[in-house]
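Reading the structure
What follows is each chain in one-letter form.
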Amino acid sequence: MISPNLSAIFYLISGVLFILALRGLSSPETSRQGNFFGIFGMIIAITVTFLSIGNFSSGFIFVLFFLLIGGLIGAFIAYKIPMTAMPELVAGFHSLVGLAAVFVAISAFLNPDAFNLGSPGNIKLGSLIEMSIGAAVGAITFSGSVIAFLKLQGIMSGAPITFKGQHPLNALILVSIIVLIYLLCTSQSKEYFWVLLTVSFLIGFLLIIPIGGADMPVVISMLNSYSGWAAAGIGFTLENTALIITGALVGSSGAILSYIMCKGMNRSFFNVILGGFGATDQSTVSHNKEQRPVKSGNADDAAFLMKNASSVIIVPGYGMAVAQAQHALREMVDTLKKNGIKVSYAIHPVAGRMPGHMNVLLAEANVPYDEVFELEEINNDFANADVAFVIGANDVTNPVAKSDPQSPIYGMPVLDVEKCKSVLFVKRSLSPGYAGIDNDLFYKENTLMLFADAKKMTEDITKNL
Amino acid sequence: MEIDPFIFRLSIFILSIFVGYYVVWSVTPSLHTPLMSVTNAISSVIIVGAIIAGLAGDTETVFNTSSIFGFLAISLAAINIFGGFLVTQRMLAMYKKKKKDK
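Structure report, in brief.

This part takes up the overall build of chain B. A count of helices and strands for chain B gives 4 helices and 0 strands. Ordered by position in the sequence, the α and β elements of chain B form the string α-α-α-α. The C-alpha atoms of chain B give 20 Å as radius of gyration, which overshoots the globular expectation for 102 residues (13 Å, by more than 25%). On the principal axes, the C-alpha backbone points of chain B span a range of 70 × 45 × 15 Å.

Taken together, the contact pairs 78 residues of chain B with 104 residues of chain A. At the boundary of chain B with chain A, total buried surface from both sides reaches about 8,400 Å², with 77% on carbon and sulfur atoms. Summed over the three residues of chain B that lose the most area to chain A, namely B:M36, B:I46 and B:L55, the buried surface amounts to 9% of that side. For the pair chain B and chain A, the number of links is 1 salt bridge. Residues A:E239 and B:R9 are paired through a salt bridge, measuring 3.6 Å at the closest nitrogen-oxygen approach. Summed over the shared surface of chain B and chain A, the number is 15 residue pairs in polar contact (both at pLDDT 80 or more). Going through the elements one at a time, helix 1 (5-25), helix 2 (32-43), helix 3 (47-54) and helix 4 (65-94) of chain B are the ones with two or more residues in the side of chain B that touches chain A. For the side of chain B that touches chain A, the leading source of residues is helix 4 of chain B, giving 27 residues. Taken together, the residues of the side of chain B that touches chain A break down into 49 nonpolar, 24 polar and 5 charged.

The nonpolar side chains of a soluble globular protein tend to be buried, and buried together. Counting residues in each nonpolar core, the largest one holds 186 residues, and the members touching the most others are A:I314, A:F382, A:F389 and A:I461. Look past the residues within four positions of A:F382 in its chain and what remains in contact with it is A:I313, A:V315, A:A346, A:A388, A:L415, A:D416, A:V417, A:K419 and A:C420.

Residues and elements named next belong to chain A. The residue S225 is located in helix 8 (residues 216-238) in this model. Of the residues examined, S225 reaches a relative accessible area of 6% and is grouped as buried. Within the structure, S225 has its side chain in polar contact with the backbone oxygen of G251 (distance 2.9 Å). Residues within four places of S225 in sequence aside, it is in contact with V250, G251, G254 and A255.

What follows deals with the pairing of strand 6 (residues 387-391) of chain A. Residue and element names in this part refer to chain A. When you tally the buried positions in strand 6, you get 5 out of 5 residues, the bulk of the element. The alternating pattern of strand 6 places V387, F389 and I391 on one face and A388 and V390 on the opposite face, and all of these are buried. Across 5 bridges, the pairing between strand 3 (residues 311-316) and strand 6 is parallel. Bridge pairing links I313 to A388 in strand 6. In terms of strand pairing, strand 6 meets strand 7 (residues 422-427) through 5 bridges, oriented parallel. Following the sheet pairing, V390 is matched in strand 7 by F425.

On to the pairing of strand 3 of chain A. Residue and element names in this part refer to chain A. In terms of residue burial, strand 3 counts as a mostly covered element, since 6 of its 6 residues are buried. Here strand 3 shows no split at all, with S311, I313 and V315 on one side and V312, I314 and P316 on the other all buried. Relative to strand 4 (residues 342-347), strand 3 runs parallel, the two being bridged by 4 bridges. Within the sheet, the bridge partner assigned to I314 lies in strand 4 and is Y345.

Below, the discussion takes up unusual backbone geometry. Residue and element names in this part refer to chain A. Even without a glycine there, the phi angle at E239 is positive, about 55 degrees. Locating E239 in the fold gives a position in the loop between helix 8 and helix 9 (241-264). With a relative accessible area of 40%, E239 lands in the partly exposed category. Positive phi, close to 55 degrees, is recorded for N266, a residue that is not glycine. By secondary structure assignment, the location of N266 is in the loop between helix 9 and helix 10 (269-274). On the accessibility criterion, N266 (41% relative accessible area) is partly exposed.

Before going further, it helps to examine the pattern of salt bridges. Residues and elements named next belong to chain A. Here the structure, examined in full by the defined rule, presents 11 salt bridges over all chains. In this structure, R267 engages D215 in a salt bridge whose closest nitrogen and oxygen atoms are separated by 3.0 Å. Of this pair, R267 sits in the loop between helix 9 and helix 10 while D215 sits in the loop between helix 7 (190-208) and helix 8, and the two are 52 residues apart along the sequence. Across the pair, D215 and R267 agree in class, each one buried. A salt bridge links D416 to K419; the nearest nitrogen and oxygen atoms lie 3.4 Å apart.

Taken together, A:Y259, B:L10, B:I14, B:F18, B:Y21, B:Y22 and B:W25 make up a surface patch of nonpolar side chains, about 730 Å² in accessible area. If one sorts the elements of the nonpolar patch by residue count, helix 1 of chain B sits on top with 6 residues. With respect to the secondary-structure elements, B:W25 resides in helix 1. Judged by relative accessible area, B:W25 falls into the partly exposed class, the value being 37%.

For any two aromatic rings, the description comes down to two numbers: the centre-to-centre distance and the angle of the planes. Counted under the stated rule, the structure contains 16 aromatic pairs over all chains. Ring centres 6.1 Å apart and planes at 80 degrees place the aromatic pair A:Y259 and B:W25 in the edge-to-face group. Taken as a pair, A:Y259 in helix 9 and B:W25 in helix 1 lie in two separate chains rather than in one. A residue is classified by how much of its surface remains accessible, and A:Y259, at 46% relative accessible area, is partly exposed. Where A:F442 meets A:Y443, the ring centres are 6.1 Å apart and the plane angle is 65 degrees; that geometry is what we call edge-to-face. A relative accessible area of 17% places A:Y443 in the buried class. Here a set of aromatic residues connected by ring pairs shows up, and it is made of A:F62, A:F65, A:F66 and B:F71. Across from the ring centre of A:Y318, 3.7 Å away, lies the NZ or CZ of A:R353, which sits over that ring.

Conventions used here
- Residues numbered from 1 in each chain as written.
- Chains lettered and ligands numbered in written order.
- Predicted model: local features only at pLDDT ≥ 70, side-chain atom pairs only at ≥ 80, totals over all residues.
- Heavy atoms only, no water.
- Helix = DSSP H or I, 4+ residues; strand = E, 2+ residues; numbered from the N terminus.
- Rg over C-alpha atoms; globule rule 2.2 N^0.38 Å.
- Contact = heavy atoms within 4.5 Å.
- Buried area = accessible area lost by both parts, 1.4 Å probe.
- Salt bridge = Lys/Arg side-chain N within 4 Å of Asp/Glu carboxyl O.
- Polar contact = N/O pair within 3.5 Å; in protein donor to acceptor, adjacent residues only side chain to side chain.
- Nonpolar A, V, L, I, M, F, W, Y, C, P; charged D, E, K, R; others polar.
- Core = buried A, V, L, I, M, F, W, Y, C linked by side-chain atoms within 4.5 Å.
- Buried < 20%, exposed > 50% of the residue type's maximum accessible area, 1.4 Å probe, protein only.
- Pairing = 2+ DSSP bridges.
- Patch = residues over 30% accessible without salt bridge, like charges linked within 9 Å, V, L, I, M, F, W, Y side chains within 5 Å.
- Areas by Shrake-Rupley, 256 points an atom, 1.4 Å probe, with all protein chains shown as cover.
- Phe/Tyr/Trp six-rings, centres within 6.5 Å; stacked < 30°, edge-to-face > 60°.
- Lys NZ or Arg CZ within 6 Å of the ring centre and 35° of its normal.

Have a look at this one:
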């Protein structure tokens, strides 16, 4: 058994280790070490908790048992999960953090003595406020992440679900949460606590259903942020420094990622949250552009173009993840490099379904990270490149974003693919992307459309090289 | 008058938000996915609350409503801790630099 002061110092140390874990991610070289700092911080926090309670009776066995069960499940998932399923996994993990926060809040509410918060029906006011905020945010994180998970997994349609009176309803529920917290704190009544949790679960659900599939990067980042604030709320209740520091770190991390994602789409945060993108402008934009001539080619043509190029830029997108084409792509690039052709990869901030999604997939396919560039780093190079190979990306290459103020994606930063001498565009059909708008790039003089599955097409090109 | 300990915790919280802000901006965009999985893992330090709840029962009654929620929370958080750190490890191991000899 160690004194509260000593354990507080250890919690502080583990908080600092968590900061170092995030700091390590500033470059791939230091990142692995950073991850170890994180693991070390977690071990300290858990050990100190055991030592400060000092109760090694029968309950202890059960704690270890449940810890082990969770640990085994977690480790199993971590080893089995394919890299393409990372967005679903992260959404799933967010939901667990949210639910764990809710459960801890429930146990603290039912048995406040164990946490030094007073007695049932007479919980310290400050703690009760912190606890109810933590529980409410946790519940929102949980149900929101479950919806995000279902949408990413394809169990639920990625199309936005909207209905009349949606926004007033959500506003009403948010206000009712504040009222419920107030009532709970004045009455200390259990009933209000359960109602608060139910309503919070409901609003998490309602907030995410109107958001479309292509906006998932913002949603995941936002839920990441929520899970942090929930943890911080519980940290205040438990008066635990490690939890407060972590909550703040995670909360601001998620907020920054959401900001970066919104900027990548040139949309305001509220615009994304209020949802319904792609459900609105579809009809007005596309029908005046029907039946324009398109040049299409086969693997042979593509191989010919690339063989005669001296530099090629690859633009991967979500379609590459869906087709699992990253390995085939890398093989194609290897062949190109053997022929002395310079190849680099250009990644748009919102390519894929979560921040950094494409980078992980390319890393999985053994693409060295110093060949992969962000939008600002590479955008000027398109003008000097011979071939741009667009695989599974669409809206992020649409020149309309620069030229047509009427377009819903006007102002969004896009890759200047059309400046290349020739563009190869791998796509299954001419259908518009998630924003629901036609891509002008399809009809450009220097564009060759390759209608096929991304993986199959890439393999065929490699054979023809 | 003595300062409420809450104020100290609030100070830590606010300062940590700033630390988080600057640290996260320095994360390279190519590591944003590992950033999310590792933040998942560390936010599961909420397990300390779950352990306190789980150990709160006395010797005769290990299980009561409060401790059961604690035990469940332990498992949930443990999935995240192990899953989060290990999957981050797996991802980071894949990030390699170009080989010089090519």
